[in-house]
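Reading the structure
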Amino acid sequence: MGNNIILHNCVYQEQIMQAAQIMAGYSLGGADLLRRAMGKKDMKKMAQERDKFIEGCKNLHGIVAKKANEVFDVMEKFAAYGFNRSHSAAYSLVAYQTGYLKAHYPAEYMAAVLTNNMGDIKKVTFFIEEARKQNVAVLGPDVNESILKFNVNKQGQIRFGMAAVKGAGEAAVEEIVQEREKGGHYADIFDFSRRVNLRAVNKKTFESMAQAGAFDSFDRYHRRQFLEAPGNDQSLIEKAMKVGQQHQAAKESAQQSLFGGGGGEMAIPMPKIQDMEPWSPTEKLRREKEVVGFYLSGHPLDDFKLEIDSYCTCGLDKIESYKNRDITVAGLISNVLFKTTKTGHPFVSFNIEDYDSSLNLALFRDDYTKFSSIINPRNYDKEQVPPMFIRGKYAQRFRDSDQFEFKIMTMEPLFNVAEKLANGVRVQLDLRTITEPFMDRFMEAVESAAGSKKLEIKFAEPHEHLAVDTYSRRYRIEPKEFIRKMREMEIEACQLI
């Protein structure tokens with residue numbers, strides 16, 4: 001019966017101590033030592049305590065050794081995960097409070113959690129994804145909304161803290177926020193450069209903020225214009241800082257004048273900004289990652305989600321579950337290092353990274369030659385290498401049976417995959433929603449996504465459990481474009497075949 005009581009009623013570690021006191025005559029201090037030995041899984045100490053417990057049970061209550069052993073086994077298992085009662089009370093209060101805040105003030109709660117973990121990129125990435133799962137938008141930094149830390153704007157969206165931008169500087173961020181609170185929102189980059197103290201907010205701060213998207217609300221210009229310019233022209237940042245310096249010098253000179261600047265401020269002509277092509281989405285995200293630490297406004301793999309979902313075996317974080325099996329993965333190539341072996345042969349080490357993880361890989365000898373068209377020191381350009389689709393095997397490392405590695409068999413650009421592997425698209429249409437206007441839109445989508453792949457259509461009536469499969473003899477489509485148009489029509493039952 002004593003064994004059953006222990007099994008069903010033990011909740012806290014203190015109850016283990018009480019059982020030892022009551023059944024075996026332990027002192028409070030001795031019972032705590034027993035609990036500690038169990039919690040730390042100190043096998044030598046636990047063996048000693050078991051003998052002591054059995055002896056105490058026999059002497060105090062006449063409990064036979066077999067029953068005492070059974071009770072000790074139960075206590076031992078429980079103590080490995082049991083919780084302290086005083087901690088439980090405190091933790092339960094905190095859990096209730098945080099649970100309430102997360103349920104009723106999700107944006108404010110997640111902003112606080114992000115601020116608390118601002119120095120840990122992995123945790124920030126995790127909590128941003130957690131916020132998005134709760135339908136709370138996490139926006140990039142903005143000089144007209146962000147503060148030092150993460151905060152919530154009037155629309156209930158989380159704004160990235162400007163202090164988390166590499167190269168911005170805490171003193172510079174404080175200057176930006178204080179001036180905004182004093183003088184209102186910044187109208188444009190020239191208003192910004194005239195108003196902030198350029199001794200605190202230097203060129204490095206401007207550049208970091210531009211790459212992170214903190215000037216995106218000045219929608220007259222795009223990010224590339226802030227940092228680059230055609231020919232020998234100056235960048236927008238250089239021109240804006242020059243305007244700001246002239247304005248602040250004139251203002252300071254007027255204040256120091258014997259007449260107190262009664263003639264008014266000197267008008268400074270606005271420089272001309274030349275048009276240029278914006279950065280590609282990939283380049284924009286790459287630069288964003290440089291100063292924020294991760295992709296914030298999107299991910300370079302977003303455009304290939306269809307291929308990843310259709311043709312990849314797993315994410316990189318799951319490959320250990322596929323030992324000795326052929327698998328396919330996709331990701332971005334990064335951290336490329338060209339080296340030479342001790343015997344003088346060239347090889348390359350690099351990372352492949354997807355949404356959640358990364359994996360270090362290397363190419364030697366024949367593999368180095370085999371994939372030289374994609375990655376070698378003569379033609380490698382990190383800005384031009386596209387996301388890759390890799391087929392390989394996660395198997396035992398050569399001459400090391402305890403270690404596994406991913407051996408690459410084939411590697412090709414991810415944008416080739418749909419065209420190469422897809423036979424076509426299968427789309428399901430609900431008969432209840434088919435009207436003449438609907439079919440007009442559907443046929444427009446088919447014609448505008450013309451290509452070389454097969455189109456299969458399944459007409460279904462779910463309530464009647466009726467379905468008819470057919471395919472088009474007349475029309476051929478380009479799979480990705482057709483699926484994109486189906487998404488625009490809110491048709492989700494559409495997949496590659």
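Below: a short report on this structure. (Residues numbered from 1 in each chain as written. Predicted model: local features only at pLDDT ≥ 70, side-chain atom pairs only at ≥ 80, totals over all residues. Heavy atoms only, no water.)

Before going further, it helps to spend a moment on the overall build of the protein. Each helix and strand counted, the protein has 19 helices and twelve strands in total. A compact globule built from 497 residues should have a C-alpha radius of gyration of about 23 Å, whereas the protein, at 33 Å, is more than 25% larger. For the protein, the C-alpha atoms occupy an extent of roughly 100 × 85 × 70 Å along the three principal directions. The 497 residues of the protein split such that 40% are buried. Restricting to contacts in the protein with at least 6 residues of sequence separation, those with at least 24 account for 60%. Counting only carbon and sulfur atoms, one obtains 50% of the accessible surface of the protein, whose full area is about 28900 Å². For the protein, the separation between the mean place of its 69 positive charges and that of its 68 negative charges on side chains is 5 Å. (Helix = DSSP H or I, 4+ residues; strand = E, 2+ residues; numbered from the N terminus. Rg over C-alpha atoms; globule rule 2.2 N^0.38 Å. Buried < 20%, exposed > 50% of the residue type's maximum accessible area, 1.4 Å probe, protein only. Contact = heavy atoms within 4.5 Å. Areas by Shrake-Rupley, 256 points an atom, 1.4 Å probe, with all protein chains shown as cover. Lys, Arg positive; Asp, Glu negative; His and termini not counted. Charge placed at Lys NZ, Arg CZ, Asp CG, Glu CD.)

Moving on: the sheet that holds strand β1 (residues 138-139). A sheet is described by the order of its strands in space; here three strands give the open sequence β1-β3-β2, paired in mixed fashion. One side of each edge strand has no neighbouring strand; the edge strands of this open sheet are β1 and β2 (151-152). (Pairing = 2+ DSSP bridges.)

Take the layout of surface pockets next. Summary: where empty space remains is shown by rolling a probe the size of a single water molecule over the atoms. Volume-wise, the largest pocket comes out at about 880 Å³. As for the largest pocket, its lining consists of 26 residues, of which Thr125, Phe294, Asp354, Tyr355 and Asp356 are closest to the centre. The set of elements that each furnish at least two residues to the lining of the largest pocket consists of α8 (121-133), β4 (326-340) and β5 (346-353). The greatest single-element share of the lining of the largest pocket, amounting to nine residues, is contributed by α8. Tallied by class, residues from the lining of the largest pocket come to seven nonpolar, nine polar and ten charged. When its volume is computed, the second largest pocket comes out at roughly 470 Å³. Along the wall of the second largest pocket there are 20 residues; nearest its centre are Arg286, Tyr295, Ile333, Ser334 and Lys382. Of all the elements in the fold, those that place two or more residues in the lining of the second largest pocket are α14 (281-292) and β4. Among the elements that line the lining of the second largest pocket, the one with the most residues is β4, at five residues. Looking at the lining of the second largest pocket residue by residue, the classes come out as nine nonpolar, four polar and seven charged. (1 Å grid on protein atoms, 1.4 Å probe; cavity = no way out; pocket = protein on both sides within 12 Å on 5 of 7 lines; lining within 4 Å. Points joined across faces, edges and corners; volume = space filled by probe spheres on them. Nonpolar A, V, L, I, M, F, W, Y, C, P; charged D, E, K, R; others polar.)

Attention shifts here to the side chain of serine 334. Its place among the elements puts serine 334 in strand β4. Aside from chain neighbours lying at most four places away, what touches serine 334 is Phe350, Asn351 and Glu353.

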